[in-house]
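# Reading the structure
Residue strings, one per chain:
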Amino acid sequence: MSLDAFFSPRSVAVIGASRTPGKVGYEIVTNLRDGGFEGAIYPVNPKADEIEGIRCYPDLASLADKPDLAVITVPVPFVAEAMQQCAGAGVKAAIIITAGFKEVGEEGAALERQVVEVARRNHIRVLGPNCLGVIAPSSKLNASFGDAMPTVGGIGYVSQSGALLAAILDLAQRSGIGFSKLVSIGNKADVDELDIIRALGADPDTHVIAGYLESIGNGNDFVREAEQISHHTPIVLLKAGATEAGAKAASSHTGSMVGSEAVYESAFRRAGVIRCASLTQQFDIAQAFAYQPLPSGPAVAVITNAGGAGILAADAIERAGLTFARLDDATIAALGGQLPAAANIHNPIDVLGDALADRYEFALDVALSDRHVDVALVMLTPQAMTQSRETAEAVVRVCRGHGDKPVLASFMGADLVADANTVLRNGRVPPYDCPEEAVEAIRAMVDHVHWRNRPQRVVKMFPVNRHRVERIVERHLRRNEREVGEMESKEILEAYGFRTPRGAIATTADQAASIADQIGYPIVMKIWSPDILHKSDVGGVRVGLNGPQEVRDAFDLMMYRIPQKMPEANILGVLVQEMVRTGQEVILGMQRDAQFGPLMMFGMGGIFVEVLKDVSFYLAPLTADEARQMLTSTRTWNMLKGARGREGVDIDAIAEALQRLSQLVTEFPQIQEMDINPFVVGPPGFSPIAVDARISIEKV
Ligand code: ADP
Ligand code: MG
């Protein structure tokens, strides 16, 4: 159902309107009027005839009109009744400003459900409760108790915090940043962040979607839809808080490393969502997207009247992984022909401290005409002769003439550049206090273009033996066993095309020695108990045993020592296993997130995973490209790819293993978490081996 009634209603009723300045019910009525709303405003209050000269009604039933939108501000106990009135009057959308619902406890939550139920039955969409309301500058609608009406602009904002929105409004007032819509979603009882993001994505007035979110309701839908929307409207989010999944105690290596940050990072990366570290950074980036075209590449030209400013910009460009545009010979010749001899006609182009507006105008025009330049950054410091304001006007003029390339500005200083910054902003050239901030915005744009141009995601399906896995999973679930031990975990992996070391279970020292004789030496022995998850921790792993006597001794020692350390553990015997002698150890893992589904992990393996913490996370299902990126985005990769004369490992073999694992956890939602640690990998030609594995399952 469309959310138009929230953004461009023909008429608005305020249930709980008040005559007392300072009360929410008063502020909303006056904000609607002062915002210049052109439709009808109907204050509803049985005890008043008029509020600030606007006629008041005792209830909605007394209206001749059907209001499109109702704003409800009555105290909690009366909200349900107000919603009934809305239903009776044929209202399409309701904003519940009133607080005291889900956020205060179970009783409030029950009340909230009750109110939403009435609304759903009557096809009324509800925003809130516990929210600040909606401001839509483009339709002169201020249905909120935030009393500022920002200028019209291309940023659509959705906030889970009403209070933060109040701060944003204030900030916008001072800086002159314009908005298409600002929406406070409060408790999200009905309309949630995705509904608003979807509406803003379809809104022609919104060029960039920005938001502050604490939680995301349906992770899968969010990722899928945000990915679609990001292709035409960038989404720039400030995300705070943790997922519930992060709070759940994890028993795997992967689980203990995940944390909610990794989940959101992965989800946002998949969806092309740009994540910001602060509110100021969010506005820095949002403005660039709102007012400038996307760059076609990372090559930046800097124009400055100060060497120092140019160096700061150069450093920031380098750190951000952007490039300095190499100017064309014709450009250099043109600059040389006009600029003073002392000027630097190579990038950064230094027009010198005595540059007036015309010199800037010329240099920027020439630079933007160069096919090697993708983005221009105009820097200025207010020196004795500098014409800040006129220069800003010149920049805006040139920028208009080169509509296809982004231009950003950083006029450094305060009072001396304040006027110029207003000119820039009004001319849609985003101004930044310092070059680092401008470069951060350019980087976000370049990354976003890169994301948009990424190849189509294709997930490869491998032929596997699903049935074999089904049997193991079902057997465990029947017996109520959550942990699948090493032997059966490996059986599952084998069914999905993994290689594992040969081995068998022994319950006596002699049996262990005879299995070892069959496999051949050296051999590995591991304790076999459903209660021991990390075997080395209790002395339960012996590698390099070199003959039957060593095997017998090792068996006896484990059977003596381990019960002393873990008297409660049920020890079934030992696993005698082929020893893998070549290769390096990495870890492959998965942790299922309640909101976003399976999150794959790759990293440095062995027993120090948690210490080194060099791991990467990506949401399943993985494409071949993503699997490779998982590898190359870790520091471990620098070592694995071959260094100091050592041959590199087979990246495709590891990437394939990650894709197979991703297929396994996608096809079996019962698998909650798993580790293959170590996964032993080697040079091309060596087929990797899953040396140790564990899987936790749950009924779904
Ligand atoms: P856990 O992780 O429960 O302590 P593992 O089976 O992973 O037990 O063994 C611990 C370490 O012992 C591994 O990281 C690996 O270095 C070594 N190891 C275990 N099994 C083998 C094997 N079959 N071949 C070579 N090394 C092994
Ligand atoms: Mg292990």
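This text goes with the structure placed above it.
Residues numbered from 1 in each chain as written. Chains lettered and ligands numbered in written order. Predicted model: local features only at pLDDT ≥ 70, side-chain atom pairs only at ≥ 80, totals over all residues. Heavy atoms only, no water.

## Structural notes on the site of ligand 1
What surrounds ligand 1 is a group of 17 residues, the closest being Lys526, Lys535, Ser536, Val580 and Glu585. Here Glu578 contributes a backbone N or O atom positioned 2.9 Å from a nitrogen atom of ligand 1. One of the side-chain nitrogen or oxygen atoms of Asp692 is found 2.9 Å away from an oxygen atom of ligand 1. In the complex, 88% of the free accessible area of ligand 1, which totals 540 Å², lies under the protein chains. Elements that contribute at least two residues to the shell around ligand 1 include exactly strand S22 (523-528), strand S23 (541-545), strand S24 (573-578) and strand S28 (671-681). Looking at the shell around ligand 1 residue by residue, the classes come out as eight nonpolar, four polar and five charged. (Near = heavy atom within 4 Å. Polar contact = N/O pair within 3.5 Å; in protein donor to acceptor, adjacent residues only side chain to side chain. Areas by Shrake-Rupley, 256 points an atom, 1.4 Å probe, with all protein chains shown as cover. Helix = DSSP H or I, 4+ residues; strand = E, 2+ residues; numbered from the N terminus. Nonpolar A, V, L, I, M, F, W, Y, C, P; charged D, E, K, R; others polar.)

## With respect to the coordination of the magnesium ion (ligand 2)
Around the magnesium ion (ligand 2), the donor atoms from the protein are Asn677 (O) and Asp692 (OD), and they sit 2.2 to 2.3 Å away. Remark: Asp692 occurs in the loop between strand S29 (689-690) and strand S30 (693-697) and Asn677 occurs in strand S28; sequence separation between them is 15 residues. Both residues of the pair, Asn677 and Asp692, count as buried. (Donors = N, O, S within 2.8 Å, 3.2 Å for Na, K, Ca; no water. Buried < 20%, exposed > 50% of the residue type's maximum accessible area, 1.4 Å probe, protein only.)

## A word on the packing of aromatic side chains
For the coordinates displayed, the defined rule picks out eight aromatic pairs. Residues Tyr264 and Phe268 carry aromatic rings whose centres are separated by 5.9 Å and whose planes lie at 55 degrees to one another, so their mutual orientation is tilted. One end of the pair is Tyr264 and the other is Phe268, both in helix H9 (residues 253-271) and four residues apart, which spans about a single turn. Residue classification places Phe268 among the buried positions, given a relative accessible area of 2%. Taking the centre distance of 5.4 Å and the plane angle of 80 degrees together, the rings of Tyr264 and Phe596 count as edge-to-face. In this pair, Tyr264 is assigned in helix H9 and Phe596 in the loop between strand S25 (584-593) and strand S26 (597-604), connecting sequence segments 332 residues apart. The burial state of Tyr264 is the same as that of Phe596; both residues are buried. Members of the aromatic cluster, joined through ring pairs, are Phe222, Tyr264, Phe268 and Phe596. Here the guanidinium or amino end of Arg269 rests over the ring plane of Tyr618, the centre of that ring lying 3.8 Å away. Arg466 extends its terminal NZ or CZ atom over the ring of Phe668, reaching a point 5.9 Å from the ring centre. (Phe/Tyr/Trp six-rings, centres within 6.5 Å; stacked < 30°, edge-to-face > 60°. Lys NZ or Arg CZ within 6 Å of the ring centre and 35° of its normal.)

## Examining the pairing of strand S11 (residues 179-184)
Here S11 lies mainly inside the structure; six of its six residues are buried. Here strand S8 (residues 133-136) runs beside S11; their pairing, made up of two bridges, is antiparallel. Of the residues in S11, the one forming a bridge with Val134 is Val183. Judged from the six bridges that link them, strand S10 (residues 152-159) and S11 form a sheet pairing that is parallel. Residue pairing across strands places Gly156 opposite Lys181, the latter belonging to S11. Taking the sense of rotation as the criterion, the β-α-β connection linking S10, helix H5 (residues 162-175) and S11 turns out right-handed. (Pairing = 2+ DSSP bridges. Right-handed = clockwise from strand over helix to strand, strands pointing away.)

## Here we look at the pattern of salt bridges
Any two side chains of opposite charge can pair, on the condition that their charged atoms come close. Applying the stated criterion to the full structure yields 44 salt bridges. With a closest N to O distance of 3.5 Å, Glu112 and Lys102 form a salt bridge. Taken together, the residues Glu112 in helix H4 (residues 106-121) and Lys102 in the loop between strand S6 (93-96) and H4 connect sequence positions ten residues apart. We classify Glu112 as buried; its relative accessible area is 5%. We classify Lys102 as partly exposed; its relative accessible area is 42%. The partner of Arg125 in a salt bridge is Asp190, with the nearest N and O atoms 2.9 Å apart. (Salt bridge = Lys/Arg side-chain N within 4 Å of Asp/Glu carboxyl O.)

## Comments concerning helix H16 (residues 435-452)
Each turn of an α-helix holds 3.6 residues, which means side chains three or four residues apart point in the same direction. Taking 1.5 Å as the rise per residue, H16 with 18 residues should run 26 Å; its terminal C-alpha atoms sit 26 Å apart, in good agreement. Along H16, the residues that are buried comprise Pro435, Ala438, Val439, Ala441, Ile442, Ala444, Met445, Val446, His448, Val449 and Trp451. (Expected span 1.5 Å × (residues − 1).)

## Looking at the sheet that holds S10
Backbone hydrogen bonds are what pair the strands of a sheet, in a parallel or an antiparallel way. With respect to topology, seven strands assemble into an open sheet ordered S9-S8-S11-S10-S12-S13-S14, the strand pairing being mixed. Sheet topology places strand S9 (141-144) and strand S14 (274-275) at the edges, where each strand pairs with a single neighbour.

## Observations concerning the side chain of Arg660
Considering the arrangement of structural elements, one finds Arg660 in helix H24 (residues 651-667). With sequence-adjacent residues up to four places away left out, Arg660 is seen in contact with Phe462, Pro463, Tyr496, Gly497 and Phe498. (Contact = heavy atoms within 4.5 Å.)

## Regarding the environment of Asp315
For Asp315, the location among the structural elements is in helix H11 (residues 307-319). Along the sequence, Asp315 and Val395 sit 80 residues apart, while their C-alpha atoms lie 23 Å from each other.

## Things to note about the packing of helix H17 (residues 466-478) against helix H18 (residues 486-495)
Between H17 and H18, whose axes approach to 8 Å, the crossing angle comes to 155 degrees. Considering their axes alone, H17 and H18 lie roughly antiparallel with respect to each other. Regarding H17 and H18, the two cross each other, and that crossing is left-handed. On H18, the residues that touch Arg468, Val469, Ile472, Arg475 and His476 of H17 are Glu488, Glu491, Ile492, Glu494 and Ala495. Among the residues forming the contact of H17 with H18, the class breakdown is four nonpolar, one polar and five charged. (Axes fitted to C-alpha atoms, helices over the stretch in contact; angles between N-to-C directions. Parallel < 35°, antiparallel > 145°, perpendicular 65-115°, else oblique. Left-handed = near helix turned anticlockwise from the far one by under 90°.)

## Topic: the side chain of Thr381
Relative to the helices and strands, Thr381 resides in the loop between strand S18 (375-380) and helix H14 (388-401). Excluding its chain neighbours within four sequence positions, the residues that come into contact with Thr381 are Asn305, Ala306, Ala309, Thr386 and Met412.

## Overview of the nonpolar core
In this structure, Phe6, Ile95, Leu127, Ile196 and Phe222 are the most contacted members of the largest nonpolar core, which totals 61 residues. Here this core takes seven residues from H9, the largest share from any one element. Setting aside residues no more than four positions away along its own chain, Leu127 makes contact with Phe6, Ala94, Ile95, Ile96, Val134, Val183, Ser184, Ile185, Val191 and Ile196. The next biggest cluster of nonpolar side chains, apart from the first, holds 46 residues, and it includes Ala286, Phe289, Leu408 and Ala444. (Core = buried A, V, L, I, M, F, W, Y, C linked by side-chain atoms within 4.5 Å.)

## Things to note about unusual backbone geometry
Glycine aside, the phi torsion of most residues is negative, and most peptide linkages are trans. The peptide bond linking Gly128 to Pro129 adopts the cis configuration, its omega dihedral lying at -5 degrees. Mapped onto the secondary structure, Pro129 falls in the loop between strand S7 (125-127) and S8. Looking along the chain, the bond that leaves Ala620 and enters Pro621 is cis, with omega of -5 degrees. Among the structural elements, Pro621 can be located in the loop between strand S27 (615-619) and helix H22 (624-632). Look at His123: it is not a glycine, yet its phi comes out positive at around 55 degrees. According to the relative accessible area criterion, His123 is exposed, its value standing at 59%. Its identity is not glycine, yet Leu352 carries a phi of approximately 80 degrees, on the positive side. You can see Leu352 is positioned in the loop between strand S17 (349-350) and helix H13 (357-369).

## Focus: the sheet that holds strand S2 (residues 40-44)
Across the sheet, which stays open at both edges, the five strands sit in the order S2-S1-S5-S6-S7 with parallel pairing between neighbours. Strands with a single pairing partner mark the edges of an open sheet, and in this sheet they are S2 and S7. Here the average twist between neighbouring strands, direction ignored, is 20 degrees. Both strand S1 (residues 11-15) and S2 contribute to a ladder of five bridges, which runs parallel. Residue pairing for S2: Ser11 is matched across the bridge by Ala40.

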